[in-house]
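# Fold and contact review
The primary structure of each chain is shown beneath.
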Amino acid sequence: MIPVLTTERLILRPHRAEDLDAVAAMTGDAEVMRYIGGVPQPREDSWRRMLCGPAMWMLLGYGYWIVERRADGAVIGQLGFADFKRAMEPSIEGIPELGYVFAAHAHGQGYASEGVAAALRWADSALAADQHVAIIDPENAASIRVIEKAGFAIREPALYKDEPILLFRRTRPAL
């Protein structure tokens, strides 16, 4: 049910139990989590985060993938779409929200742009959604570049957990 996507350097695939150590190392890293809640996650929370991936696919028909580097099989990130039912203004409930997180050693190498492009190609052909959204911390310049490169052209201020966040929107291109 969960598609496997392959790019020149990446494989986007379903989560496996043995991915926990790599995911826990990534989400336990303060540098990685700086713009995603600001606090490193303990292993237990990393496990819960992983469990959300397959669950979303079952409930929504989309979800998160593990990002594996083709050259060596290393787990370097998580990427995909979600509907977290966020209490946010404006509401984005019911709109597939693109999100991603990559290990610090994978930053700055174009992996996020490559993975996001593959995920959006899949979404444009497989999902009925007319638009996708992404929320990004206003200080996260690297992630803003990735999302704008991917065609998220509409940027608007929003509030999430009473904190300012940037909301980006992308309209699905005509097929």
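Treat the numbers as computed from the prediction; the structure is a model and nothing was measured. (Residues numbered from 1 in each chain as written. Predicted model: local features only at pLDDT ≥ 70, side-chain atom pairs only at ≥ 80, totals over all residues. Heavy atoms only, no water.)

### Topic: the overall build of the protein chain
Helix and strand counts for the protein chain stand at five helices and nine strands. Listed by position from the N terminus, the elements making up the protein chain come as β-β-α-α-α-β-β-β-β-α-β-α-β-β. Taking the principal axes of the C-alpha coordinates as reference, the protein chain spans close to 35 × 35 × 30 Å. Summarising the internal contacts of the protein chain: among those between residues at least 6 apart in sequence, 61% fall at separations of at least 24. (Helix = DSSP H or I, 4+ residues; strand = E, 2+ residues; numbered from the N terminus. Contact = heavy atoms within 4.5 Å.)

### A few points about the pattern of salt bridges
Summed over all chains, the structure comprises 15 salt bridges. Put simply, E31 and R34 hold a salt bridge, and the shortest N to O gap is 3.2 Å. Classification of R34 by relative accessible area gives partly exposed; the value is 43%. The shortest N-O distance in the salt bridge between R48 and E44 comes to 2.7 Å. Pair noted here: R48 and E44 are both in helix α3 (residues 43-60), with a separation of four residues, about one helical turn. When its relative accessible area of 44% is taken as the criterion, R48 is described as partly exposed. The exposure class assigned to E44 is exposed, which follows from its relative accessible area of 51%. What you see here is one network of salt bridges that share partners, running through R13, D19 and E68. (Salt bridge = Lys/Arg side-chain N within 4 Å of Asp/Glu carboxyl O. Buried < 20%, exposed > 50% of the residue type's maximum accessible area, 1.4 Å probe, protein only.)

### A look at the packing of aromatic side chains
Per the stated rule, a full pass over the model turns up five aromatic pairs. Taken together, a centroid distance of 5.2 Å and an interplanar angle of 65 degrees make the contact between W57 and W65 edge-to-face. Pair check on accessibility: W57 and W65 agree, each one buried. Seen from their ring centres, W65 and W122 are 5.5 Å apart, and the 90 degrees between their planes marks the pair as edge-to-face. With W65 in strand β3 (residues 64-69) and W122 in helix α4 (residues 111-126), this residue pair connects regions lying 57 residues apart in the sequence. On the basis of relative accessibility, which here comes to 13%, the residue W122 falls in the buried class. Put simply, the rings of W57, W65, F81 and W122 touch in pairs and so form one group of aromatic residues. One Lys or Arg, R86, reaches over the ring of Y160 and ends 4.9 Å from the middle of that ring. (Phe/Tyr/Trp six-rings, centres within 6.5 Å; stacked < 30°, edge-to-face > 60°. Lys NZ or Arg CZ within 6 Å of the ring centre and 35° of its normal.)

### A word on the nonpolar core
Within the largest apolar cluster, 31 residues are counted, with the highest numbers of intra-cluster contacts made by W65, L79, F81, Y100 and W122. The set of elements that each furnish at least two residues to this core consists of β2 (10-13), β3, β4 (75-82), β6 (97-102), α4, β7 (131-136), α5 (141-149) and β9 (163-171). Ranked by residue count, the leading element in this core is α4, at eight residues. The next biggest cluster of nonpolar side chains, apart from the first, holds 11 residues, and it includes V23, V32, V75 and A103. (Core = buried A, V, L, I, M, F, W, Y, C linked by side-chain atoms within 4.5 Å.)

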